[in-house]
Amino acid sequence: MQNRKHIAEFTDRVQAHQDIIHKVAFIYGRVPADREDLAQEILLQLWRSYGSFNGRSAFSTWMYRVALNTAITFRRKQRPRVDEAPEPSVDAIQPLQAELSDALKTLYRAIARLSAIEKAVIMQWLDERSYEEIADTVGISVKNVSVRLVRIRKRLAQLITEAEQT
Amino acid sequence: MNDNNLERYRAAWRANEHFGNRALSADEIHQVLTRESNTITRQFRNGLLFDMVLKGVAAVALAGLLFLFRGNATVSLVNTVVLGFTLFLLSVQWKTLQDVPRPSLAAESLRAGLDTMIRFYRERFLRALYIAAVSASLVFYVGVLYYSWFKYGGIRALDIDDFVVFVSGLLLAFIINAAAQRWQAAFHVKELEFCLQEIDAESLSHQQLRKQRFRRTRLSLMWTVWAILGALVLAYFIAR
């Protein structure tokens, strides 16, 4: 009974913030199968770590932390990943064509060329998370977040311009 | 492009919830909760268990060889030593299995999480893979002795060529197995270390990115060389 209540509470919370899972899988997965594997792994890790959620930070911050940790340390089959990615393959973009806006597709192509840590920082900025939350998730100082964001935003803008031209 | 234009993309990001995926229903979430994880520690546990089973089978086969070669004192002595060594390695692996850490992905920042994973690789994974690589030599040893038994009814007199081939086979089996796993693990560790360095560094050097790409190319080349070497060794044994 207690366990069922626990699962129901977890499910409600995850459903309310499931966009985080989709976003992290979208950015770190290179092909649809990768994204699906990663989304499931994130969900599983959230469940296994749920007992350690103590409410000191917002649930969404905690969820971001678990999701990004999983995405970065997750070892995919036969595919290197966490450094700067090349231009995403046709396979990776094609399934997105029908469902996503042009702006989002361009953004995806640009973010795919950032490093794993740059992705983690910029995703949270895109989601309008506070510098404190980003610092807490990544493990750096608030000042460092501010410095990095200036640089990453500049680079992202440059990559978007390149993506728009192709 | 300035930050105002970047805001347009930020708005597109914020407006999308599922990024081409379906919304997860409660049922789908419940189904995933019962699945097996695919984290590196889970893969490590599974790999370790598989290798223990393989060593267990080799130990049983060695016991069979002790019976078959009971009339040959030298071979029996060697087999006893190899069997004892196998059982010792099994006991070390059993202890390692009990100690496999379960790094928490929740309580830690990305920085702390990466640190935990790198330590796990350095302290457990690399040591354990050498023990696992011994299995390849064990299988080779057991295979050669059974082959000798069924082909010649015992060990025929060995000349220097036979001895060289036998020892080379034992060493190659170990080296190829250990090196392949070592390089693969080292590659993953380097990637994790690269992320950790990036978190610690004020800015990401493009030279580091070039180095990372170079490492990846080098790894692919090494795999190709090992595959060709493996094929040549196999061809040599088939041709004999």
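All values reported here derive from a predicted model rather than from experimental measurement.

**Q** Is there a simple way to explain the overall build of chain A in this structure?
**A** Secondary structure assignment for chain A yields nine helices and zero strands. Counting only contacts in chain A whose residues sit at least 6 apart along the sequence, the fraction spanning at least 24 positions is 63%.

**Q** Explain the overall build of chain B to me, please; I cannot follow it from the model alone.
**A** What chain B contains, in helices and strands, is seven helices and zero strands. When each of the 240 residues of chain B is scored for burial, the buried share is 19%. In chain B, once contacts between residues fewer than 6 apart in sequence are set aside, the share between residues at least 24 apart is 78%.

**Q** Explain the packing of helix H8 (residues 131–138) of chain A against helix H9 (residues 142–165) of chain A here, please?
**A** Helix-helix packing is described using two parameters, namely the angle between the two axes and the distance between the axes. All names here are of chain A. Interaxial distance between H8 and H9 falls to 8 Å at its minimum, and their mutual angle equals 100 degrees. Viewed along their axes, H8 and H9 adopt a mutual orientation that is roughly perpendicular. Between H8, through Tyr131, Glu132, Ile134 and Ala135, and H9, the contact on the second element is made entirely by Val142, Val145 and Ser146. For the contact of H8 with H9, the per-class residue count stands at five nonpolar, one polar and one charged.

**Q** What is the right way to look at the nonpolar core in this model?
**A** Nonpolar side chains in soluble globular proteins tend to end up buried together. Membership of the largest hydrophobic core comes to 76 residues, with the highest contact counts inside it found for Val24, Ile42, Ala67, Val121 and Ile122 of chain A together with Cys195 of chain B. Sequence-distant contacts of alanine 67 of chain A, defined by excluding residues within four places in its chain, comprise Ile20, Ile21, Val24 and Ile42 of chain A.

What counts and what doesn't
Throughout this description, residue numbers start from 1 for each chain and increase along the sequence as written. Chains and ligands are labelled sequentially in the order written, the chains with letters from A and the ligands with numbers from 1. The model is predicted, so local features are restricted to residues of pLDDT at least 70 and side-chain atom pairs to those at 80 or more, both for listing and for counting; the totals for chains, interfaces and linings are taken over all residues. A helix here means a DSSP run of H or I that spans at least four residues, while a strand means a run of E at least two residues long, and both kinds are numbered starting from the N terminus. This entry defines residue contacts through backbone-placed C-beta atoms, with two residues in contact when those atoms are within 7 Å. Whether a residue is buried, exposed or partly exposed follows from its count of other C-beta atoms within 10 Å of its own C-beta, namely 20 or more, 12 or fewer, or something in between, respectively; the C-beta atoms are built from the backbone. Every axis corresponds to a line fitted to the C-alpha atoms, with the helix fit spanning only the stretch in contact, and the corresponding angles, defined between N-to-C directions, vary from 0 to 180 degrees. Orientation labels follow simple angle bins: below 35 degrees gives roughly parallel, above 145 gives roughly antiparallel, 65 to 115 gives roughly perpendicular, and whatever is left gives oblique. Residues were grouped as follows: Ala, Val, Leu, Ile, Met, Phe, Trp, Tyr, Cys and Pro as nonpolar; Asp, Glu, Lys and Arg as charged; and all remaining residues, including Gly, as polar. Only buried Ala, Val, Leu, Ile, Met, Phe, Trp, Tyr and Cys residues enter a nonpolar core, and they are joined through C-beta atoms within 7 Å.

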